[in-house]
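Here's the letter readout for the chains.
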Amino acid sequence: MSGWTAREVGIFALVIIFSIILMFEGDYSNGIFGILFMLGFWVFKTVVIRRQKNKRDTEINRITRQTLRSGYSEPGPKLPEIKECPFCAEIIKAKAIVCRYCGRELPVEEGSSSTPK
Ligand SMILES: [Zn+2]
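Residues numbered from 1 in each chain as written. Predicted model: local features only at pLDDT ≥ 70, side-chain atom pairs only at ≥ 80, totals over all residues.

## Looking at the overall build of the protein
Then, in step 1: Counting its regular elements, the protein contains 2 helices and 2 strands.
Then, in step 2: A buried classification covers 2% of the 117 residues belonging to the protein.
Then, in step 3: Partitioning the contacts of the protein with sequence separation of at least 6, the portion at a separation of at least 24 is 4%. (Helix = DSSP H or I, 4+ residues; strand = E, 2+ residues; numbered from the N terminus. Buried ≥ 20, exposed ≤ 12 C-beta atoms within 10 Å, placed from the backbone. Contact = placed C-beta atoms within 7 Å.)

Structural data, given as structure tokens:
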């Protein structure tokens, strides 16, 4: 049910229930009409959503391919190595000695994260 808002699902369920009630009341033609209408609407919506999604996907693919073909012309800054401050949990540079957020001295990482007693 992706792409369905809660309201749409609610309306869909209400119309189905209404149609079933109509059928139980003896008015079969109206009930069947209601169900057929909602089924048609559902199929239509599903097809439209899928088509839009496909369109978007192909657009993303095209942009990605163009970027690949251009050979990463954009230099872009290399992502800095980061780590989490053990005291204030802020993201800081891996090479930092003192946390820029809480100002505490950071333990030097040597592979193990065991805390000294
Ligand atoms: Zn900190």
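## A look at the environment of Ile97
Then, in step 1: By the element assignment, Ile97 lies in the segment after β2 (91-93).
Then, in step 2: C-alpha of Ile97 to C-alpha of Pro107: the two residues are 10 residues apart in sequence and 7.7 Å apart in space.
Then, in step 3: The contacts of Ile97, once residues within four sequence positions are left out, are Glu105 and Leu106.

## Here we look at the confidence of the model for the protein
Then, in step 1: In the predicted model, the protein carries a mean pLDDT of 77, and the fraction of residues at 70 or more is 78%.
Then, in step 2: By mean pLDDT, the top-scoring element of the protein is β2 (92), and the lowest-scoring one is helix α2 (residues 28-69) (77). (pLDDT = per-residue confidence, 0-100.)

## Remarks on the environment of Cys102
Then, in step 1: Among the secondary structure elements, Cys102 is positioned in the segment after β2.
Then, in step 2: For the pair Cys102 and Glu90, spaced 12 residues apart in sequence, the C-alpha separation works out to 8.7 Å.
Then, in step 3: When near neighbours in sequence (up to four residues on either side) are disregarded, Cys102 contacts Cys85, Phe87 and Cys88.

## What to know about helix α1 (residues 6-24)
Helical periodicity: at 3.6 residues per turn, an α-helix aligns residues three or four positions apart in one direction.
Then, in step 1: Relative to the 27 Å expected for 19 residues at 1.5 Å per residue, α1 spans 27 Å between its end C-alpha atoms, a close match to the ideal helical length.
Then, in step 2: Of the residues flanking the end of α1, it is Gly26, one or two places downstream, whose phi is positive at about 105°. (Expected span 1.5 Å × (residues − 1).)

## Quick look at unusual backbone geometry
Then, in step 1: Even without glycine at this site, Ala89 takes up a positive phi of about 65°.
Then, in step 2: Among the secondary structure elements, Ala89 is positioned in the loop between β1 (82-84) and β2.

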